[in-house]
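Summary of structural features
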Amino acid sequence: MQKGKGRRILGGLALLFVLLGLYFGLIVAPPDGYQGEVQRIMYLHIPSILTAYLSFFIVFVGSCLFLWKREKRDDILAYSAAEIGVLFTGLTIIEGSIWGKPTWGVWWTWDARLTLTAILFLIFVGYLMLRSLIEDEDRGAVCSAVLGIIGFLDIPLIHMSVYWWRTLHQPPSILRPDKMPWENVHPSMLIALSINFVAIILLYFYLLSLRLRLGETEEEVKTLKLYGGVS
Amino acid sequence: MSPWGFVFLAYGIVWAALLLYLFRLKRRLHKVEVELSDLRSSGDLKRDA
């Protein structure tokens, strides 16, 4: 009962910040001096990819814990985070593509960062497919945990790709080793970006709490079907 | 397409996809909760009998 109330509060807060984020991102923030209005896609693009990184970090932690302790709840956590991480990575690629067309002149290019992000997406689509393709559930959980750990290792490569290779993608605007965010982004844009980031993170945790509840309930149903009694 | 066209295309796709996922997730959760409640009540009936 307490969990349900907490989830509703989280959902309400997410909705409030989403509306605020839309207002700040589309109306309050000024257009960029070079890119004009299309730069407003940044208010979705950066929060989406950072949320995807966070999600795959949760997959990494959940997978390590599952391989160590073999507790079902860690596997459910990793599986839930992977599903939502794939959604946010897919959306990041779509947003980037729509932003790329007016700024670079192409919908897609085999740039190092774009390619590595596409690989991350495919690794975790593979993770989700493994779960449904391997009939033995425990074996599927172990195999996907190993893939989840390996897949997470792609994220540092994505982040550093703009430094290691000559790429079309610009260097990071926020997570830079040489500058603080407010030294690199105008305060009015940084406020809009921060509000959108909070909105997407709140929405992410709301979705994750629902997905976890789904995973736990499915597990309970399986147990009841197996033993045919009340747990 | 105008610059605003690209912006609305991106925002439209993202929020439509997130809302679709949210509603689908809620529907999946509702379905499995109904199944759990049915299993529990049938278990109670068996125990009472």
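Above this text is the structure in question.
Residues numbered from 1 in each chain as written. Chains lettered and ligands numbered in written order. Predicted model: local features only at pLDDT ≥ 70, side-chain atom pairs only at ≥ 80, totals over all residues.

**Focus: the overall build of chain B**
Here is the rule we go by: The helix and strand labels rest on DSSP assignments: H or I over at least four residues marks a helix, E over at least two residues marks a strand, and numbering proceeds from the N terminus. A residue is called partly exposed when the number of other C-beta atoms within 10 Å of its own lies between 12 and 20, exposed at 12 or fewer, and buried at 20 or more, with C-beta atoms placed from the backbone.
For chain B, the helix and strand inventory stands at one helix and zero strands. With 49 residues in all, chain B has 10% of them scored as buried.

**What about the overall build of chain A?**
Cut-off, in case you're wondering: Residues are treated as contacting if the C-beta atoms built from their backbones sit within 7 Å of each other.
The helix and strand tally for chain A stands at eight helices and zero strands. When the helices and strands of chain A are placed in sequence order, the string is α-α-α-α-α-α-α-α. Along the first, second and third principal axes, the C-alpha set of chain A runs to 65 × 40 × 30 Å. Taken over 231 residues, chain A has a buried fraction of 38%. A sequence separation of at least 24 residues applies to 76% of the contacts in chain A between residues at least 6 apart.

**What to know about the environment of Leu 25 of chain B**
Tracing the chain through its elements places Leu 25 of chain B in helix H1 (residues 3–48). Among the residues examined, Leu 25 of chain B registers 19 C-beta atoms within 10 Å and is labelled partly exposed. A sequence separation of eleven residues divides Leu 25 of chain B from Leu 36 of chain B, and the C-alpha atoms of the two residues are 16 Å apart. The residues touching Leu 25 of chain B, leaving out its near neighbours within four places in the chain, are Leu 207, Leu 210, Arg 211 and Leu 214 of chain A.

**Digging into the environment of Arg 40 of chain A**
For Arg 40 of chain A, the position within the fold is in the loop between helix H1 (2–28) and helix H2 (42–69). Sequence-distant contacts of Arg 40 of chain A, defined by excluding residues within four places in its chain, comprise Gly 25, Leu 26 and Ala 29 of chain A together with Val 7 of chain B.

**Brief notes about the packing of H2 of chain A against helix H5 (residues 137–152) of chain A**
All names here are of chain A. Selection criterion: To get an axis, fit a line to the C-alpha atoms, keeping to the stretch in contact for a helix; angles then go from 0 to 180 degrees between the N-to-C directions. Any angle from 65 to 115 degrees is called roughly perpendicular, while one under 35 is roughly parallel, one over 145 is roughly antiparallel, and all others are oblique. Each crossing is labelled by how the near helix is turned from the far one, with a counterclockwise turn of less than a right angle marking it left-handed and a clockwise turn marking it right-handed.
At their nearest, the axes of H2 and H5 sit 8 Å apart, and the two run at 135 degrees to each other. Judged by the angle between their axes, H2 and H5 are oblique. Both H2 and H5 take part in a crossing whose hand is left-handed. For the pair formed by H2 and H5, the contact residues are Phe 56, Phe 57, Val 59, Phe 60, Ser 63, Cys 64, Phe 66 and Leu 67 on the first element and Ala 141, Val 142, Ala 145, Gly 148, Ile 149, Gly 151 and Phe 152 on the second.

**Here's the deal with H1 of chain A**
Put simply, the rule reads: To estimate how far a helix should reach, multiply one less than its number of residues by 1.5 Å.
Relative to the 39 Å expected for 27 residues at 1.5 Å per residue, H1 of chain A spans 37 Å between its end C-alpha atoms, a close match to the ideal helical length. Within H1 of chain A, the full set of buried residues consists of Ala 14, Phe 17, Gly 21, Phe 24 and Gly 25 of chain A.

**Focus on the interface of chain B and chain A**
Applied cut-off: Ten residues, namely Ala, Val, Leu, Ile, Met, Phe, Trp, Tyr, Cys and Pro, are considered nonpolar, four, namely Asp, Glu, Lys and Arg, are considered charged, and the remaining ones, Gly among them, are considered polar.
Each partner contributes to the interface: chain B provides 26 residues, whereas chain A provides 28 residues. The residue makeup of the side of chain B that touches chain A, split by class, is 18 nonpolar, one polar and seven charged.

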